[in-house]
Amino acid sequence: MSNNDTLLPANFIRQIVAADLKSNKHNGRVATRFPPEPNGYLHIGHAKSICLNFGIAMENNGICNLRFDDTNPEKESIEYMESIERDVQWLGFKWSGLHHASDYFEQLYDYAVQLIQQGLAYVDSSTPEQIRANRGTLTEPGIASPDRERPIAENLELFQRMRAGDFADGQYVLRAKIDMASPNINMRDPTIYRIRRVHHHRTGDVWCIYPMYDYTHCLSDALEGITHSLCTLEFEDHRPLYDWVLEQLQTPCHPQQIEFARLQLEYTIVSKRKLNQLVTEKHVSGWDDPRMPTLAGLRRAGVTPKAIRDFCERIGLTKQNSWIEMGVLEYCIREDLNENALRAMAVLDPLRVVIENYPDDQTEQLEISNHPQRPELGKRTVPFAKTILIERDDFAENPPAKYKRLVLGGEVRLRGSYVIRCNAIIKDDDGIITELRCSYDPDTLGKNPEGRKVKGVIHWVSETDSYPAEVRLYSRLFAVPQPDNEANFLTALNPDSLEIIHNCRIEASLADAQAEQRYQFERTGYFCLDTVDSIDGKRVFNRTVTLRENWEKD
RNA sequence: UGGGUCGUCGCCAAGCGGUAAGGCACGGGGUUUUGAUCUCCGCAUACCAAGGUUCGAAUCCUUGCGACCCAGCCA
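Conventions adopted
- In this convention, every chain numbers its residues from 1, walking through the sequence in written order.
- Chains carry letters and ligands carry numbers; both start at the beginning, A for chains and 1 for ligands, and go up in the order they are written.
- With the structure being a predicted model, the display of local features is reserved for residues of pLDDT at least 70 and the display and counting of side-chain atom pairs for 80 or more, all residues being used for whole-chain, interface and lining totals.
- Heavy atoms throughout the structure, all of them, feed into the side-chain values; hydrogens and water do not.
- Comment: elements are numbered from the N terminus, with helices defined as DSSP H or I runs of at least four residues and strands as E runs of at least two.
- Note on exposure labels: buried denotes an accessible area under 20% of the residue type's maximum, exposed denotes more than 50%, and partly exposed covers the range between, all computed with a 1.4 Å probe on protein chains only.
- The definition of a polar contact used here is a pair of N or O atoms within 3.5 Å, where within protein one atom must be able to donate a hydrogen and the other to accept one, and adjacent residues in sequence count solely through side-chain atom pairs.
- In what follows, a contact means two residues having at least one pair of non-hydrogen atoms within 4.5 Å.
- Note on geometry: axes are lines fitted to C-alpha atoms, helical ones only across the stretch in contact, with angles between N-to-C directions running from 0 to 180 degrees.
- A clockwise turn of the near helix away from the far one marks a right-handed crossing, whereas an anticlockwise turn of less than a right angle marks a left-handed crossing.
- Throughout, the ten residues Ala, Val, Leu, Ile, Met, Phe, Trp, Tyr, Cys and Pro are labelled nonpolar, Asp, Glu, Lys and Arg are labelled charged, and all others, Gly among them, are labelled polar.
- Any angle between 65 and 115 degrees counts as roughly perpendicular, while under 35 counts as roughly parallel, over 145 as roughly antiparallel, and the rest as oblique.
- Nine residue types can take part in a nonpolar core, namely buried Ala, Val, Leu, Ile, Met, Phe, Trp, Tyr and Cys, and a core is a set of them joined through side-chain atoms within 4.5 Å.
- Buriedness for pockets is judged along seven lines, at least five of which must meet protein on both sides within 12 Å for an open set on the 1 Å grid over protein atoms alone, while cavities are sets there where a 1.4 Å probe fits but cannot get out, and lining residues have an atom within 4 Å of a point.
- Grid points are joined across faces, edges and corners, and a volume is the space filled by probe spheres set on the points.
- Any carboxyl oxygen of Asp or Glu that lies within 4 Å of a side-chain nitrogen of Lys or Arg is treated as forming a salt bridge with it.
- Strand pairing follows a simple DSSP-based rule, namely that at least 2 bridges must link the two strands.

Talk me through the side chain of Asn 184; I want residue IDs and the actual numbers.
Among the secondary structure elements, Asn 184 is positioned in the loop between strand S5 (173-176) and strand S6 (191-195). We classify Asn 184 as buried; its relative accessible area is 17%. Side-chain polar atoms of Asn 184 contact the backbone nitrogen of Asn 186, separated by 2.9 Å. A distance of 2.8 Å separates a polar atom in the side chain of Asn 184 from the backbone oxygen of Asp 237. With sequence-adjacent residues up to four places away left out, Asn 184 is seen in contact with Asp 237 and Pro 240.

See the structure below:
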């Protein structure tokens, strides 16, 4: 038994694979695949499936393919395909083979011909409406199409002519001949080929007939030698059809389909249709808007691949429909960022502080640790001067109970610097505080003052040796836990999901912040440079997640 | 009221007949130049319900109840 068996939590799929390995069901092979349809960007729900499929393969020295389920060219595109490849790699996985269902179109066609020859498929001229009407209902059996007993030779000729383009779109379909009375509606002679004159992003105009998912997926799995075909719960009813197709045809193998519950995350949606709607109706800036649950969005927000992988492991894997609280994802993000993000100071809402007893033209280059628990991450230089900026709400004229920041006549520690005392408040004509006059204790750099305790610590930047920046504070995109349950999910959008702050000041070391670097703006949250809008010297930072807040804000 | 699937702590989730793991959340204590981190402690006599089998049941059986999925020429 390897270490993995003791370190990784048990789940029912790991158990099935382990049992199959033990019984030598697939001659010791484990082969999985991640099979997205390229009709949208990958989201956090796909991450669960990616981690599962690639994870199962890696844990067992198996292989995992990336396969595009590109059988419906109407909705698919190259852009989506490219984004999917990019996102899977970013998440940290490397596929064994890169395949497309469209690679198998010729073989799929040949298999269909075999089905016809075996009397197990027929060309139907019924209209979509007739097919639906004759399918029966959940409680009543369907009735046979008049074409169901069409002679094999005729089916063969018609199917060949469907491919040749002799017929109009929709004029005929190829149907599997199974059981119109089956209690499982998927088995009531499902359509397996339709005529559609649509340009396919990979096969161009070579085909005018396209195979359906149920027919394509099982055969693609078999052709790739997949051992465990993992999919979500809604396909449980399709498993009999998956197995039926493979049982009728001579295929390289017969993979086992196993279903698991898809991810449902509170305060978000993972419906590609709805995500697409958010993009096209401009409720967000794009598929990579940092509020989107897409991998591209999470990446731009500063979430790390490691955090997402950790999340996918923590949430477990079962067949139970369940809702994961946002707190779990946030915990995973903070855990990684707390350990690895460089600390820095940024003042979001600056208030000027003049230190009256500090020399006018003096500037000190203070050395401050990049990480309080990890000295190996080094130090940075932060300039300190007579005039500094602090966070406006780190001062209170009328402090609430237990307030431990700066108050008139009180002391506070400037992080990595001196202890200062507030001596006076200066206001403008409207009564707005414009400046604080303070004094510093020169004997408090790197040590605590004697004879008294200074509880509060606040962050700051030098007024002259700091830089302007735009900071974008993101919070949950939706205001309700289950937006999908709303009559119209758009009404559940959180109007305050983005707050843009223009006049922030960041410490000098942040001037050359790198795109991939994650920072903790101390006492504020985790941030990273926005890769899209930080241009021409303009610095834009995205908040990935706040720091945990254990105290009651007033 | 056809078929499929699922019901263990607020949210996830182990458990696979021998007497309820763990994580998140939450509450409380300690450390701390981030109200962060870290750390210690607490948190299901109880497993949808009711019967039954057994020395022993969350685990087996029976009957209920509840939830989710399926009637695309989507995947």
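After that view of the structure, there is still more to cover.
Let's hear about the packing of helix H2 (residues 12-22) against helix H3 (residues 44-59): which residues, and what values?
Their axes nearest at 11 Å, the elements H2 and H3 cross at an angle of 35°. H3 is crossed by H2, and the crossing has right-handed handedness. On H3, the residues touching Ile 13, Arg 14 and Val 17 of H2 are Leu 52, Ile 56 and Glu 59. Across the contact of H2 with H3, the residue classes break down as 4 nonpolar, no polar and 2 charged.

So what's going on with the packing of helix H12 (residues 305-314) against helix H13 (residues 326-340)? Which residues, and what values?
Contact geometry for H12 and H13: axes closest at 8 Å, N-to-C directions at 135°. Relative to H13, H12 is oriented oblique. The two elements H12 and H13 cross, and the hand of that crossing is right-handed. Mapping the contact onto sequence places Lys 306, Ala 307, Asp 310, Phe 311 and Arg 314 in H12 and Val 328, Leu 329, Tyr 331, Cys 332, Ile 333, Glu 335 and Asp 336 in H13. In the contact of H12 with H13, the residues fall into 7 nonpolar, no polar and 5 charged.

Can you tell me about the nonpolar core, naming the residues and giving the values?
Of all hydrophobic cores here, the largest spans 39 residues; its most connected members are Ile 50, Val 88, Leu 295, Ile 308 and Phe 311. Take this core: its biggest share by element is 6 residues, from H3. In this structure, Ile 50 is in contact with Phe 34, Leu 42, Gly 55, Val 88, Leu 91, Phe 93 and Leu 295, ignoring residues within four places of it in sequence. Core analysis: the second largest hydrophobic core is formed by 38 residues, Ile 116, Met 162, Cys 208 and Trp 244 among them.

Which residues make up the layout of surface pockets, and what values go with them?
If you add up the space inside the largest pocket, you get close to 1,200 Å³. If you trace the largest pocket, you find 47 residues lining it, with Glu 37, Tyr 213, Thr 232, Glu 234 and Phe 235 closest to the centre. Elements supplying a minimum of two residues to the lining of the largest pocket: strand S1 (31-34), H3, S6, helix H8 (213-223) and strand S8 (228-232). The element that contributes the greatest number of residues to the lining of the largest pocket is H3, accounting for 4 residues. Its residues assigned to classes, the lining of the largest pocket comprises 17 nonpolar, 15 polar and 15 charged.

So, unusual backbone geometry: which residues are in play, and what are the values?
Its identity is not glycine, yet Tyr 267 carries a phi of approximately 65°, on the positive side. Mapped onto the elements, Tyr 267 comes out in the loop between strand S9 (256-260) and helix H10 (272-280). Among the residues examined, Tyr 267 registers a relative accessible area of 17% and is labelled buried.

How would you summarise the pattern of salt bridges if you had to cite specific residues and measurements?
One pass over the structure, following the stated rule, counts 47 salt bridges. For the salt bridge of Glu 411 with Arg 452, the shortest nitrogen-to-oxygen distance reads 2.3 Å. Here the residue Glu 411 occupies a position in strand S16 (residues 411-414), and Arg 452 occupies one in the loop between strand S18 (433-441) and strand S19 (457-458), the gap between them amounting to 41 residues. Classification of Glu 411 as buried rests on a relative accessible area of 18%. In this structure Arg 452 comes out as partly exposed when scored by relative accessible area, which is 33%.

How would you sum up the sheet that holds strand S12 (residues 350-355)? Please name residues and give values.
Taken in spatial order, the 7 strands line up as S19-S16-S17-S18-S12-S15-S20 in an open sheet, and their pairing is mixed. Two strands in the sheet have a free side with no partner beyond their single neighbour: S19 and strand S20 (460-462). Judged from the 5 bridges that link them, S12 and strand S15 (residues 387-391) form a sheet pairing that is antiparallel. The residue bridging Val 354 from the neighbouring strand is Thr 387, located in S15.

I'd like a rundown of the sheet that holds strand S23 (residues 518-521), residues and numbers included.
Ordered by their spatial adjacency, 7 strands build an open sheet running S10-S23-S24-S25-S21-S22-S11, and the pairing between neighbours is mixed. Either end of the sheet is taken by a strand with one partner, and the two such strands are strand S10 (342-344) and strand S11 (346-347). Sheet topology places strand S21 (residues 466-474) next to strand S22 (residues 498-507); 8 bridges connect them, and they run antiparallel. The partner of Ser 466 across the bridge, within S22, is Glu 507.

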